[in-house]
Amino acid sequence: MKDFIDDDDDDDEEENDGAEFGIKDEAPAEKSFMINHIPLFSSCSHYSHFQTVVKALLINALDNTFLKSLYDGTRRKKYAQEMRTSLHFYDERFVLPRLENLKQRSRWKERYKERVECYPSMKVVSIGVRRGPCQACEMHRHSKYMVILSGQQYDTKTLEDDSFMPHDKQGLNVGSVCVERTQVYHRLRHFKYHLFKLCCSVLEQEEEHEDEPVKDVVLKVYSLLDGQGWIKKQYDQFEDCLNDADYFQEEKLD
């Protein structure tokens, strides 16, 4: 299954190509107001951006070069620009500011931050009270939990897996405040990656579609998921992650 759209098509089609994946713009009057009066916000709602991100992830699940070509500028048509915009809002407006706040308001050491950033899977095990410093902040507190980090590292934009040390696993003894912060941070940090893996699983469960254009498969599967409430369920979980991060950074100081 090759490219779903030839980006070298006539520019005359550019006006309508956003509609090919059901990407809808806001009403002109509302869009004009948002752009002129609230420049830091998109004319789309959070949920609209999330829907577009899901479509981009579904495409990438079928064509694993899609996100890479989206970010390197190979795809220049309107639908690609709109998907880049929604991915940008997801990362730069929704997720990264909250992650930065969680890190800045902690005493985590750089080495611990890097580990939590790198490993997409996490398990927390209660180990009872242990003497010695917390391995997240290195303060001398009782460590009650072990954070076990594992999974294949990946590119945060293209979501391509990194083949370096695929079976590596890290176990770190941490205190109660640091383990709570780690759970909130890790869940939000790797939400898009796990959402992409869910999209891959959904497509694997569908009937064979080797002869269908990627665009048709994506629209069909997206419509099915939307009708089942699957996308709204994923968005609700994403919102929970955002709210948890907001609550934690306001209420839980180390």
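In the block above lies the structure referred to throughout.
About the cut-offs
- Residues numbered from 1 in each chain as written.
- Predicted model: local features only at pLDDT ≥ 70, side-chain atom pairs only at ≥ 80, totals over all residues.
- Heavy atoms only, no water.
- Helix = DSSP H or I, 4+ residues; strand = E, 2+ residues; numbered from the N terminus.
- Axes fitted to C-alpha atoms, helices over the stretch in contact; angles between N-to-C directions.
- Parallel < 35°, antiparallel > 145°, perpendicular 65-115°, else oblique.
- Left-handed = near helix turned anticlockwise from the far one by under 90°.
- Contact = heavy atoms within 4.5 Å.
- Pairing = 2+ DSSP bridges.
- Phe/Tyr/Trp six-rings, centres within 6.5 Å; stacked < 30°, edge-to-face > 60°.
- Buried < 20%, exposed > 50% of the residue type's maximum accessible area, 1.4 Å probe, protein only.
- Lys NZ or Arg CZ within 6 Å of the ring centre and 35° of its normal.

With that settled, consider unusual backbone geometry. The general pattern is negative phi for most residues beyond glycine and trans for most peptide bonds. Even without a glycine there, the phi angle at Glu 138 is positive, about 65°. Here Glu 138 is to be found in the loop between strand E1 (121-130) and strand E2 (143-150).

Next up on the list: the environment of Asp 226. On the secondary structure map, Asp 226 appears in helix H8 (residues 214-227). Sequence-wise, Asp 226 and Gln 51 are 175 residues apart; in three dimensions their C-alpha atoms are separated by 9.2 Å.

A word on the packing of helix H2 (residues 46-62) against helix H7 (residues 191-205). Where H2 contacts H7, the two axes come as close as 9 Å, and the packing angle between them is 55°. Considering their axes alone, H2 and H7 lie oblique with respect to each other. The chirality of how H2 crosses H7 is right-handed. When H2 is examined against H7, the residues Phe 50, Val 54, Leu 57, Leu 58, Asn 60, Ala 61 and Leu 62 are found in contact with a partner set consisting of Phe 191, Lys 192, Leu 195, Phe 196, Cys 199, Cys 200 and Leu 203.

Time to look at the sheet that holds E1. Pairing in this open sheet of three strands is antiparallel, and the strands run E1-E2-E3 from one edge to the other. Since the sheet does not close on itself, it has two edges, and those belong to E1 and strand E3 (169-174), each with one partner. Recorded for the sheet is a direction-independent mean angle of 20° between the axes of neighbouring strands. In this sheet, E2 lies alongside E1 in antiparallel orientation, the contact comprising seven bridges. Bridged to Met 122 within E2 is Leu 149.

On a regular strand, one side chain projects to one face of the sheet and the next to the other, so that they alternate. Strand direction decides the pairing type here: E2 and E3, joined by six bridges, are antiparallel. Directly across from Ile 148, in E3, lies its bridge partner Gly 171.

Enumeration according to the criterion identifies nine aromatic pairs in this entry. Aromatic side chains Phe 50 and Phe 238 sit 5.6 Å apart centroid to centroid with 25° between the ring planes, which places their arrangement in the stacked category. With a gap of 188 residues between them, Phe 50 in helix H2 and Phe 238 in helix H9 (residues 230-251) connect regions that are remote in the sequence. Of the two residues examined, Phe 50 and Phe 238, each falls in the buried class. Taken together through their ring pairs, the aromatic side chains of Tyr 47, Phe 50, Tyr 90, Phe 94, Phe 191, Tyr 235 and Phe 238 make up a single cluster. Directly above the ring of Tyr 222 sits Lys 55, whose terminal nitrogen or CZ lies 4.6 Å from the centroid. The ring of Phe 89 carries the charged tip of Arg 93 above its face, separated from the ring centre by 4.7 Å.

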